[in-house]
Amino acid sequence: MTADTSFVLRYFDLIGRAEGARLLLTAGKANWTEEHPEWPAEKDKQPFKRLPVLVEKSGEDEWILCESPAIERYLARKFGFFPANIKQAAEQEQLAEQQYDVVKAFFDKLLVPQEQLEKIGDGFDVLLDRIVEKHLHILEDSSHGYLFGDSMSYADISCYAFYKLLLPASLPLSRS
Amino acid sequence: MSDSPRYTLRYFDRIGVAEGSRILLTAAGVEWKEEHPEWPQEKPNQPFGRMPVLVEKGRNGMNDFIISESGNIERYLARAFGFMPANIQHAALQEQLRDQASDMFSAFIAQLVANPRDKEKEAQFDNLLTKLVEVQTKQLIANGNNGHLFGDQLSYADIVSYAFYKIIVVGMVKRQANIVEVVKPKLTPQIVKFIAVVESDPLLSAYMTKSDSLAAVVNRPTAQL
């Protein structure tokens, strides 16, 4: 990364879908700032009319990327948090993808009428139980406390961001 | 050499979100087979209780490599078989398109299952589809209108973008009878050409001869470029 590379992350002033990107930019020691565009006033200025948006600036050049999962994977690769081995990478991505599905199911549970929920697939409670079990299972075998290997990886960052988003928001929905 | 394929794709017997993976496995030229596990009986036997699942047989005594999540399977196959660019910015631009197409499909499902009909959800699907068509068309034109989104050969982006149109326009007809009339008018000539070019790629001929044609559904007699 050249000395004059900097990043702008555009999102709402929320944890939401941007937390993984924030953590990766921080862990990657990037020169970055966050913008909170006026919404919906600035919607049409965004490439896909949605947020988050990542802007990478190098000298005069600007490169723009959208879609929070693509942004996270790009930053993780750029800053070396992804294994080079594509099988190991796929195992980490699998967890992240499942986490996105749990978050989506959480919002479906809040917003979608009960009788339509069944048609969408496994519900929030089932998916949450399953991903927690998976995280615990992996961590049982971990001697260093990381999900994979002996240092912080993309999977650790995205898993942390997942719980950070979900725990405060979902407490009113918890069954215990 | 073993007598069964190295790759197995587990899914339901329908187009669904496995289509991108099917096409990638075909394009890769590897031997693969599909399994349709009894459902929901075989749910506990899947890593995340869901499908699709890709099983790659381990070699030399290694364990089988098993992964879930359609987007993840597609990216793994694309990287394993050279359909994803090595440059991470180029890869990210391709992945962005797939993620956007996937969001569009989720919005389609949300409006499909809404009962009664939900105008807001229908508008959301319409907006995402319109935007996706606009972005893809712009990219097709910028790439020289050769029927490919990037470069001049079949890429990951070509395959997954084609797959999402097929999932909706061919795969969902039984669940939403008017879907062709909804989607087809929105497709630009560049996208119609793109669909035809992907479908006729020599790498895919083994699969396309056995599968429903998306090009046949979206072609218009006057499509000219």
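As the structure is a computational prediction, the values presented were derived from the model and not from experiment.

## Looking at the overall build of chain A
Stage number 1. Of the regular secondary structure elements, chain A holds 6 helices and 4 strands.
Stage number 2. When its helices and strands are written in sequence order, chain A yields β-α-β-β-β-α-α-α-α-α.
Stage number 3. Relative to the compact-globule value of 16 Å for 176 residues, chain A shows a C-alpha radius of gyration of 17 Å, a close match.
Stage number 4. If you line up chain A on its principal axes, its C-alpha atoms span 50 × 45 × 25 Å.

## Side note on the nonpolar core
Stage number 1. If you look at the biggest cluster of nonpolar residues, it comprises 98 residues, and the most contacted ones within it are A:Leu75, B:Leu54, B:Phe105, B:Phe108, B:Tyr165, B:Leu187 and B:Ile195.
Stage number 2. The residues contacting A:Leu75, other than those within four sequence positions of it, are A:Phe7, A:Ala21, A:Leu24, A:Leu25 and A:Leu54.
Stage number 3. Counting residues in hydrophobic clusters, the runner-up holds 16 residues, among them A:Ile131, A:Cys159, A:Phe162 and A:Leu166.

## Brief notes about the sheet that holds strand E4 (residues 61–66) of chain A
Residue and element names in this part refer to chain A.
Stage number 1. Strand order in the open sheet made by the 4 strands is E2-E1-E3-E4, with mixed pairing throughout. The outermost strands of the open sheet, each flanked by one partner alone, are strand E2 (31–35) and E4. Taken over all neighbouring pairs, the strand axes of this sheet differ in orientation by 20° on average, direction set aside.
Stage number 2. Bridge count for strand E3 (residues 53–58) against E4 is 6 bridges, and the pairing is antiparallel. Along E4, the bridge assignment pairs Ser58 with Asp61.
Stage number 3. Across the sheet, helix H2 (residues 68–78) touches strand E1 (5–10), E3 and E4, and the angle it forms with E4 is around 125°.

## Topic: the pattern of salt bridges
Stage number 1. Under the defined criterion, the tally for this structure stands at 35 salt bridges over all chains.
Stage number 2. Across the pair B:Glu19 and B:Lys166 runs a salt bridge whose closest N-O atoms are separated by 2.9 Å. With B:Glu19 in helix H1 (residues 19–28) and B:Lys166 in helix H5 (residues 156–169), this pair connects stretches of sequence that are 147 residues apart. There is no split in this pair, since B:Glu19 and B:Lys166 are both buried.
Stage number 3. In this structure, B:Arg117 and B:Glu122 form a salt bridge, with 2.9 Å as the shortest nitrogen-oxygen distance.
Stage number 4. One continuous salt-bridge network, built from bridges that share partners, spans A:Arg73, A:Arg77, A:Glu93, A:Glu97, B:Arg75, B:Arg79, B:Glu95 and B:Asp99.

## What about the packing of H2(A) against helix H3 (residues 88–113) of chain B?
Stage number 1. For the pair H2(A) and H3(B), the least separation of the axes is 9 Å and the interaxial angle reads 160°. As summarised for this structure, H2(A) and H3(B) are arranged roughly antiparallel, according to the angle between their axes. Crossing of H2(A) against H3(B): the hand is right-handed. Of H3(B), the residues touching H2(A) (which contributes A:Pro69, A:Ala70, A:Arg73, A:Tyr74, A:Arg77 and A:Lys78) are B:Ile88, B:Gln89, B:Ala92, B:Glu95, B:Gln96 and B:Asp99.
Stage number 2. Split by residue class, the contact of H2(A) with H3(B) holds 5 nonpolar, 2 polar and 5 charged.

## As for the pairing of E1(A)
The side chains of a regular strand alternate between the sheet's two faces.
All names here are of chain A.
Stage number 1. Counted residue by residue, E1 has 6 buried out of 6 residues, so it is predominantly covered.
Stage number 2. Both faces of E1 are covered, namely the face carrying Thr5, Phe7 and Leu9 and the face carrying Ser6, Val8 and Arg10.
Stage number 3. Bridge count for E1 against E2 is 5 bridges, and the pairing is parallel. Paired with Arg10 across the two strands is Glu35, which belongs to E2.
Stage number 4. Running through helix H1 (residues 19–27), the crossover from E1 to the neighbouring parallel element E2 is right-handed.

## Digging into the packing of aromatic side chains
Stage number 1. All told, the structure shown has 15 aromatic pairs over all chains when counted by the stated rule.
Stage number 2. Taking 4.9 Å as the distance between ring centres and 65° as the angle between the ring planes, the aromatic pair formed by A:Phe162 and A:Tyr163 counts as edge-to-face.
Stage number 3. The exposure class of A:Phe162 is buried, given its relative accessible area of 4%.
Stage number 4. The exposure class of A:Tyr163 is partly exposed, given its relative accessible area of 23%.
Stage number 5. Taken together, B:Phe105, B:Phe108, B:Phe125 and B:Phe164 form an aromatic cluster joined through their ring pairs.
Stage number 6. Against the face of A:Phe82 rests A:Arg77, its NZ or CZ located 4.2 Å from the ring centre.
Stage number 7. Cation over ring: A:Lys87 sits above B:Phe65, and NZ or CZ is 5.3 Å from the ring centre.

## Let's talk about the confidence of the model for chain B
Stage number 1. When pLDDT is averaged across chain B, the result is 93; 96% of the residues are at 70 or more.
Stage number 2. Scored by ipTM, the complex comes to 0.78, with pTM at 0.87.

## Here's the deal with the sheet that holds strand E2 (residues 32–35) of chain B
Residues and elements named next belong to chain B.
Stage number 1. What the 4 strands build is an open sheet, ordered E2-E1-E3-E4; its pairing is mixed. The strands lining the two open edges of the sheet, one partner per strand, are E2 and strand E4 (65–68). Taking the axes of each pair of neighbouring strands and ignoring which way they run, one obtains an average angle of 20° across the sheet.
Stage number 2. Where strand E1 (residues 7–10) and strand E3 (residues 53–56) come together, 4 bridges link them in antiparallel fashion. Note that in E3 the partner of Thr8 across the bridge is Val55.
Stage number 3. Of the strands in this sheet, E1, E3 and E4 are in contact with helix H2 (residues 70–80), which crosses E4 at around 130°.

Scoring rules and cut-offs
- Residue numbers restart at each chain and count upward from 1, following the sequence in its written direction.
- Written order decides the labels, with chains lettered from A and ligands numbered from 1.
- Given that the model is predicted, a residue must reach a pLDDT of at least 70 before its local features are reported, and side-chain atom pairs must reach 80 or more before they are shown or counted; all residues, however, enter totals for whole chains, interfaces and linings.
- As a rule here, side-chain values cover all heavy atoms of the structure and leave hydrogens and water aside.
- Strands here mean DSSP runs of E at least two residues long; helices mean DSSP runs of H or I at least four residues long; both are numbered from the N terminus.
- The globule rule used here is 2.2 Å times the number of residues to the 0.38 power, and the radius of gyration it is set against is calculated over C-alpha atoms.
- Grouping buried Ala, Val, Leu, Ile, Met, Phe, Trp, Tyr and Cys residues that are joined through side-chain atoms within 4.5 Å yields what is termed a nonpolar core.
- The cut-offs for exposure are 20% and 50% of the maximum accessible area for each residue type, with area from a 1.4 Å probe on protein chains only; residues under the lower value are buried, those over the upper are exposed, and the others partly exposed.
- We call two residues in contact when some of their heavy atoms are within 4.5 Å.
- Pairing between two strands requires that DSSP report at least two bridges joining them.
- All axes are obtained by fitting lines to C-alpha atoms, using only the stretch in contact for helices, and the reported angles, taken between N-to-C directions, cover 0 to 180 degrees.
- Between Lys or Arg on one side and Asp or Glu on the other, a salt bridge is scored when a side-chain nitrogen of the former is within 4 Å of a carboxyl oxygen of the latter.
- Every angle not falling under 35 degrees, over 145, or within 65 to 115 is termed oblique; those three ranges are roughly parallel, roughly antiparallel and roughly perpendicular.
- In this scheme the handedness of a crossing depends on how the near helix is turned from the far one: anticlockwise by less than a right angle means left-handed, clockwise means right-handed.
- In this classification, Asp, Glu, Lys and Arg are treated as charged, Ala, Val, Leu, Ile, Met, Phe, Trp, Tyr, Cys and Pro as nonpolar, and every other residue, Gly included, as polar.
- Crossovers are described as right-handed under a simple rule: with the strands pointing away from the observer, the path leading from the first strand over the helix to the second runs clockwise.
- Two rings from Phe, Tyr or Trp (for Trp, the six-membered ring) form a pair when their centres sit within 6.5 Å of each other. Planes less than 30 degrees apart are called stacked, planes more than 60 degrees apart edge-to-face, and all others tilted.
- Charge-over-ring placement is defined geometrically: NZ (Lys) or CZ (Arg) within 6 Å of the ring centre, and within 35 degrees of the ring normal.
- Per residue, pLDDT measures the predictor's confidence, with a range of 0 to 100.

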